[in-house]
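Coordinate inspection notes
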Amino acid sequence: MTWFENYLACPVCKGSLLSEKDMYRCNVCNQKYPLYEGIPVLMPHLETLPGREDRSVFWNEGWKKQLENNNSLKGFGDAPGEEIKRRVEEDWKLLEGSLYTVEANREIVSGKVVLDIGCGAGSQGPIFESYGARYIGLDFSYNAAFYTQKYIRKIGGQGVGINGRAEYLPIKSNSVDFVFSHGVLHHTPKTQETFEEVYRCLKPGGSAAIGLYVTFSPVWIGIRARGWLAKVFSQNPNAKAWYHLTEGGWITGNNVNPWTKTYTKRELTGMFTKAGFKTIKFRKSVFNFGNCVPIMGKYIDRTRFGRRFSKAVAPALGSMWCIALKK
Ligand SMILES: C[S@@+](CC[C@H](N)C(=O)[O-])C[C@H]1O[C@@H](n2cnc3c(N)ncnc32)[C@H](O)[C@@H]1O
Ligand SMILES: [Zn+2]
């Protein structure tokens, strides 16, 4: 048995999984889940679960486009392991002040079993490997899970990519030490369910670091205003929800971002408390001119002034909540 298999469970009934040739079978509900190209595909069958919609196509196609065109901001293309390690070290310097270097830094996650929900297809796996974590990256995009595992293997790591949904974590209750999730759980209308799943999977005394969008921040206020204008002046009243204007890197054909919500501290405190968390700490990070000032913004971000200003104002104007939680 591989180390991570001790942590897996049926995504729907949470029964134990039996490992069979190229698949897993739930010993309670008997559902079968394939192991495809070394990736456990532990996705619930939504067609059997009333009222459930699949929002994974946008992300999966978006990752495919980014990875195949080798233009992902966070992918490594066909880079060899040494190059991946070097770029992780380089990127790491840019992550100063973020969830990765404060709430989930090397000291906190070293030696821990880390479940990364919405791991994406790039640098996160190698970062946590370099921190010395035992890493399980989960994403409902198969492409993301596949590339996460590919990059980890290239640097000689033992971590794994699995294909699963945040609303139905295929993980045993009270099992993992640490849950990480950056920029993910606001992309589902079932955010409360995902918080309850995080709580369920954590060991008693386990911790989590979660990054979510801040409602009252210049970036999200600006994008909502643009979305509102687009809707008012559009011929088609169903078109252009504000979040259709976001996550542009993943847009393919007519596939636009199917869902995003932003949150206030008050809303999130209520939701995390309802999920069972007792210790909840908030801070804001991430302020980029590029996201607020058209055309010139990205150039300002590259200047020394831009970097210093961004760092100084992020605690007040940042667009990402960095939330530290304890079970
Ligand atoms: C904006 S990307 C963030 C990726 C990465 N965490 C980062 O910070 O760079 C959002 C990721 O979450 C995944 N995702 C969104 N909703 C999900 C869900 N309900 N279950 C699992 N993965 C999800 C998407 O496939 C995508 O890889
Ligand atoms: Zn089952």
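These numbers come from a predicted model, not from an experiment. (Residues numbered from 1 in each chain as written. Chains lettered and ligands numbered in written order. Predicted model: local features only at pLDDT ≥ 70, side-chain atom pairs only at ≥ 80, totals over all residues.)

Here we take up the sheet that holds strand β7 (residues 160-163). Sheet strands associate in pairs through backbone hydrogen bonding, adopting either a parallel or an antiparallel arrangement. Reading across from one edge, β7-β6-β5-β8-β9-β11-β10 is the order of the 7 strands in this open sheet, with mixed pairing throughout. The strands lining the two open edges of the sheet, one partner per strand, are β7 and β10 (279-285). With strand direction ignored, the average angle separating the axes of adjacent strands in the sheet is 15 degrees. Here 5 bridges tie strand β5 (residues 113-117) to strand β6 (residues 134-139), and the two strands are oriented parallel to one another. (Pairing = 2+ DSSP bridges. Helix = DSSP H or I, 4+ residues; strand = E, 2+ residues; numbered from the N terminus. Axes fitted to C-alpha atoms, helices over the stretch in contact; angles between N-to-C directions.)

Turning our eyes to something else, we now look at the packing of helix α6 (residues 191-201) against helix α8 (residues 265-275). A pair of packed helices is characterised by two quantities: the angle between their axes and the separation of those axes. Interhelical geometry of α6 versus α8 gives an angle of 45 degrees and a closest axis separation of 8 Å. Taken together, the axis directions place α6 and α8 in an arrangement best described as oblique. The handedness of the crossing between α6 and α8 is right-handed. Facing Thr 191, Gln 192, Phe 195, Glu 196 and Tyr 199 of α6, the residues of α8 in contact are Met 271, Phe 272, Lys 274 and Ala 275. (Parallel < 35°, antiparallel > 145°, perpendicular 65-115°, else oblique. Left-handed = near helix turned anticlockwise from the far one by under 90°. Contact = placed C-beta atoms within 7 Å.)

On to unusual backbone geometry, then. The backbone phi angle of Lys 14 is positive, close to 65 degrees, even though this residue is not glycine. Turning to its location among the elements, Lys 14 is positioned in the segment before β1 (17-20). Classification of Lys 14 as partly exposed rests on a count of 18 C-beta atoms within 10 Å. In the Ramachandran plot, Glu 37 falls in the positive-phi region, its phi being about 50 degrees despite a non-glycine side chain. Checked against the element boundaries, Glu 37 lands in the loop between β3 (32-36) and β4 (39-40). Using a count of 11 C-beta atoms within 10 Å as the deciding quantity, one classes Glu 37 as exposed. (Buried ≥ 20, exposed ≤ 12 C-beta atoms within 10 Å, placed from the backbone.)

Attention now moves to the pairing of β7. Taking every second residue as pointing to the same face, both faces of β7 are buried, with Val 160 and Ile 162 on one and Gly 161 and Asn 163 on the other. Bridge count between β6 and β7: 4 bridges; the pairing is parallel. Residue Asp 139 lies in a different strand from β7, and its bridge partner there is Asn 163. Note that the unit made of β6, helix α5 (residues 142-154) and β7 has a crossover that is right-handed. (Right-handed = clockwise from strand over helix to strand, strands pointing away.)

Remark: helix α1 (residues 56-68) packs on α5, axes separated minimally by 7 Å, with the N-to-C direction vectors making an angle of 45 degrees. Viewed along their axes, α1 and α5 adopt a mutual orientation that is oblique. Facing Asn 60, Trp 63, Lys 64 and Leu 67 of α1, the residues of α5 in contact are Tyr 142, Asn 143, Ala 144 and Tyr 147. In the contact of α1 with α5, the residues fall into 5 nonpolar, 2 polar and 1 charged. (Nonpolar A, V, L, I, M, F, W, Y, C, P; charged D, E, K, R; others polar.)

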